[in-house]
2 protein chains.
Amino acid sequence: MTTIRGARERARTEVTAAIKDEARRQLAAEGAAKLSLRAVARELGMVSSALYRYFPSRDELLTELIVDAYDAVGSAAEQALAAGGPASSATRAGSATRAGSATRAGAVTSAGAVTPVGPASGPVDHVGRWIAVCAAVRAWALAHPHEYALIYGSPVPGYSAPLLTVAPASRGAFALISVARDAHRAGGITPPALSDELRPEAERLTAQFGLDLPPEVVAALLASWAQLFGLISFEVFGQFNHLVEARDELFAQATRRLAHEVGMRDLGVEEAGRAVLPREYV
Amino acid sequence: MTTIRGARERARTEVTAAIKDEARRQLAAEGAAKLSLRAVARELGMVSSALYRYFPSRDELLTELIVDAYDAVGSAAEQALAAGGPASSATRAGSATRAGSATRAGAVTSAGAVTPVGPASGPVDHVGRWIAVCAAVRAWALAHPHEYALIYGSPVPGYSAPLLTVAPASRGAFALISVARDAHRAGGITPPALSDELRPEAERLTAQFGLDLPPEVVAALLASWAQLFGLISFEVFGQFNHLVEARDELFAQATRRLAHEVGMRDLGVEEAGRAVLPREYV
DNA sequence: CCAAAAAGAGAGCAGCGCTCTTGCTTCGGA
DNA sequence: TCCGAAGCAAGAGCGCTGCTCTCTTTTTGG
């Protein structure tokens, strides 16, 4: 499959990669709106029409960049998951991760305002891991604002292929799910409330993905995942400009409370007798 | 000021309004990316260069549409606020609401999956008002996806004027603040926790805007406001496609919990003795 | 070795935002 | 009332875009 079948095939993959790299460069520099096929071709020393041998249209190129961006944010999340204490085998091996292009996200490590726990320091700080994963996603978004906008901002091309991007888009979510699953298995989750109207949907999702979690937690995870990107989008898209300065702190507090929303408990409170409430309500 | 100074001036305002209306039509139909000055001019029976007598550039036109969109969502929120029980004089009269263009949002009323309380039914259901305001914003977003994307999606022109849009952008937020303020004045808020790192910022914001609220609530409001748009954006931008069906229910539950996050209590629980905890933790 | 497939090069089309020049209309002061 | 000034529409045009078509060159496999 991956063996080299000839010089021509080899050249093709190289040129394809070069086009994507240059496109990614322009995307990071100027944003998706300014990405121009002609400029990419110009930079690569070829004529614009030749580029259509590799990508049938501009939107097709953008779609590939979208998939790569999803992979990058998923990779950043999984990396933070692995660094925050190996409580369980990190992520399921499925969903074909396109190993080639996912390496790009390797540079993202600094997750500001978060103190990761040691690899083997007694009881696992599940809330800490949760916060670390959220912070990793945020750090990636702030480091790659245009790529973030490409996937979590307005859908740029006429509502691009949704089905193709579902799998890579879920990688990040599964990192948070892993944290919750580990906490649940360790008995560290008090399932939140779940309305009767929402319960069937939550149970369907739990079964559909074979999650080892109560449906209450699954529903809360879904909402938390969406709300996380509200916080990140406001920061990346400048809604906090001239308004909020202590963004690290706001994000840290908000993600901690999101962890409480899915039923996870802080470490300190857990030890104080049988109080299972998040610190806010003690 | 608003008197007619001559036929020429009258014609100018009319043409300007016609341009904006047509631009808004194209924006709603095709999205900001497809909005073309030439197409607007064509539709209005004029040549493209003539349009530059009214708007110096395409970005300038877009900026006006952005301001209008902020006003529309703010108006929708305030309308839901007024409909959900007049607990206090709805919103401060400041921030020059551009009355002319804000009328457009008058059609937005249906806020699915929410049962507004009667105008004078004993104790005010603050959480219900909160949910109603959130639902109104969501309903507007779903009804005007492209205009929503314009203001809460990726910033399209080279990071458009942020200072000019700050005032109209805050109208919606102030609607939620009003709900919290009313609840606070009625003694219906238990301030959540606030980390020491975030407290100075929260106190600064409280003072800056002269809010009659504890800083704990202000910090939680800020985070909740951002998280609300995470939920809405996921739905409008299609992140829930092929994944979540019961979106009304998910949104209702999530916004109810956001209300709890800022310290508001459900009506039923309040009556049951001295339990001040949200229903989830009882 | 040679036909077939693949790739590059160039011209060209329609559209875009925007500028500049050229006439025409309207306004306000002498 | 007239006339210069200002406002406005129209047209041509510039440089850019995505994309198509044709023609030539290069590489491949039988």
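These notes cover the structure that comes with them. Nothing here was measured: the structure is a model prediction, and the numbers come from that model. (Residues numbered from 1 in each chain as written. Chains lettered and ligands numbered in written order. Predicted model: local features only at pLDDT ≥ 70, side-chain atom pairs only at ≥ 80, totals over all residues. Heavy atoms only, no water.)

Some remarks on the overall build of chain A
When you go through chain A residue by residue, the secondary structure sums to 12 helices and 0 strands. Starting at the N terminus and ending at the C terminus, chain A contains elements arranged as α-α-α-α-α-α-α-α-α-α-α-α. Here chain A holds 282 residues, and 51% of them are scored as buried. If you take every contact in chain A between residues at least 6 apart in sequence, the share linking residues at least 24 apart comes to 75%. Summing over all exposed atoms, chain A offers an accessible surface of approximately 12900 Å²; the carbon and sulfur share of this is 55%. (Helix = DSSP H or I, 4+ residues; strand = E, 2+ residues; numbered from the N terminus. Buried < 20%, exposed > 50% of the residue type's maximum accessible area, 1.4 Å probe, protein only. Contact = heavy atoms within 4.5 Å. Areas by Shrake-Rupley, 256 points an atom, 1.4 Å probe, with all protein chains shown as cover.)

Remarks on the interface of chain A and chain B
Chain A puts 52 residues into the contact, and the matching count from chain B is 52 residues. Counting across the interface, chain A meets chain B through 2 salt bridges. Note that E261 of chain A and R257 of chain B form a salt bridge whose closest N and O atoms lie 2.8 Å from each other. Elements with a contribution of two residues or more to the side of chain A that touches chain B: α7 (145–152), α9 (199–208), α10 (215–236) and α11 (247–261) of chain A. (Salt bridge = Lys/Arg side-chain N within 4 Å of Asp/Glu carboxyl O.)

Some details on the environment of P168 of chain B
Residues and elements named next belong to chain B. In this structure, P168 sits in helix α7 (residues 166–185). A residue is classified by how much of its surface remains accessible, and P168, at 10% relative accessible area, is buried. Placed 95 residues apart in sequence, P168 and V73 show a C-alpha to C-alpha distance of 9.3 Å. Not counting residues up to four positions away in its chain, the partners in contact with P168 are V67, Y70 and D71.

Here we look at the protein's contact with DNA strand D
Near DNA strand D there are 21 residues, and of these L37, R38, R42 and R58 of chain A together with S49 of chain B occur at the shortest range. Among all atoms of DNA strand D positioned within 4 Å of the protein, those belonging to sugar or phosphate total 51%. Within the backbone of V47 of chain B, a nitrogen or oxygen atom sits 3.5 Å from a phosphate oxygen of DNA strand D. A distance of 3.0 Å separates a base nitrogen of DNA strand D from a polar side-chain atom of R53 of chain B. Going through the elements one at a time, α1 (7–30), α2 (37–43) and α3 (48–51) of chain A together with α1 (7–30) of chain B are the ones with two or more residues in the surface near DNA strand D. At 3 residues, α2 of chain A tops the list of elements feeding residues into the surface near DNA strand D. Across the surface near DNA strand D, the residue classes break down as 8 nonpolar, 5 polar and 8 charged. (Near = heavy atom within 4 Å. Polar contact = N/O pair within 3.5 Å; in protein donor to acceptor, adjacent residues only side chain to side chain. Nonpolar A, V, L, I, M, F, W, Y, C, P; charged D, E, K, R; others polar.)

Quick look at the side chain of E201 of chain B
Secondary-structure assignment places E201 of chain B in helix α8 (residues 199–208). Those residues in contact with E201 of chain B that sit more than four places away from it in its chain are L243, V244, E245 and A246 of chain A.

Some remarks on the relation of the copies chain A and chain B
Once chain A has been moved 0.0 Å along the axis and rotated by 180°, it coincides with chain B to within an RMSD of 0.1 Å. Accordingly, the operation relating the two chain copies is best matched by a two-fold axis. For chain A, the smallest separation between a C-alpha atom and the rotation axis is recorded for G230 of chain A, amounting to 1.7 Å. Both copies present the same face, since 100% of the interface residues in chain A are matched by interface residues at the equivalent positions in chain B. (Least-squares fit on C-alpha atoms with pLDDT ≥ 70 in both.)

Quick look at the nonpolar core
In terms of nonpolar packing, the biggest core is built from 158 residues, with W130 of chain A together with W130 of chain B touching the most fellow members. Not counting chain neighbours up to four residues away, the residues in contact with W130 of chain B comprise L176, V179, L221, S224, T255, L258, A259, V262 and M264 of chain B. (Core = buried A, V, L, I, M, F, W, Y, C linked by side-chain atoms within 4.5 Å.)

A few points about the packing of aromatic side chains
In the structure shown here, the tally under the stated rule is 20 aromatic pairs over all chains. Measuring from centroid to centroid gives 6.0 Å for F174 of chain A and F209 of chain A, while their planes differ by 70°, and the two rings are edge-to-face. With a gap of 35 residues between them, F174 of chain A in helix α8 (residues 166–185) and F209 of chain A in the loop between α9 and α10 connect regions that are remote in the sequence. By relative accessible area, F209 of chain A is classed as partly exposed at 35%. By the ring-pair criterion, three or more aromatic residues cluster together here, those being Y70, Y148, Y152, W225, F229 and F237 of chain A together with F234 and F240 of chain B. (Phe/Tyr/Trp six-rings, centres within 6.5 Å; stacked < 30°, edge-to-face > 60°.)

Observations regarding helix α3 (residues 58–83) of chain B
With 26 residues, α3 of chain B extends 37 Å between its outermost C-alpha atoms, agreeing within 8% with the 38 Å of an ideal straight helix rising 1.5 Å per residue. For α3 of chain B, a buried count of 19 out of 26 residues is recorded, marking the element as mostly surrounded by other parts of the structure. (Expected span 1.5 Å × (residues − 1).)

A short note on the protein's contact with DNA strand C
As a structural note, the neighbourhood of DNA strand C is formed by 21 residues, with S49 and R53 of chain A together with L37, R38 and R42 of chain B the closest of them. Looking at DNA strand C alone, sugar and phosphate atoms form 47% of those within 4 Å of the protein. At the level of secondary structure, the elements contributing two or more residues to the surface near DNA strand C comprise α1 and α3 of chain A together with α1 and α2 (37–43) of chain B. With 3 residues, α2 of chain B is the largest single contributor of residues to the surface near DNA strand C. In the surface near DNA strand C, the residues fall into 8 nonpolar, 5 polar and 8 charged.

Points about the packing of helix α6 (residues 126–143) of chain A against α11 of chain A
Each pair of packed helices can be described by the angle between their axes along with the distance between the axes. Residues and elements named next belong to chain A. Close contact between α6 and α11 brings their axes to 9 Å; oriented N to C, the two are set at 130°. For the element pair α6 / α11, the angle class is oblique. Considering only the axes of α6 and α11, their crossing is right-handed. In this structure, α6 uses V127, W130, I131, C134, A135 and R138 to contact α11, whose residues at the interface are R247, D248, F251, A252, T255, R256, L258 and A259. Tallied by class, residues from the contact of α6 with α11 come to 9 nonpolar, 1 polar and 4 charged. (Axes fitted to C-alpha atoms, helices over the stretch in contact; angles between N-to-C directions. Parallel < 35°, antiparallel > 145°, perpendicular 65-115°, else oblique. Left-handed = near helix turned anticlockwise from the far one by under 90°.)

Re α8 of chain B
Residue and element names in this part refer to chain B. Listed as buried for α8 are E201, A202, L205 and T206. Take α8 and look down its axis: the buried residues cluster within an arc of 135°, on one side only. Along α8, exposed side chains directed more than 90 degrees from the buried face belong to P200 and A207. Of the surrounding elements, those touching the buried residues of α8 are α9 (215–236). Phi for G210, located one or two positions after α8, is positive at around 60°. (Arc of directions from axis to C-beta.)

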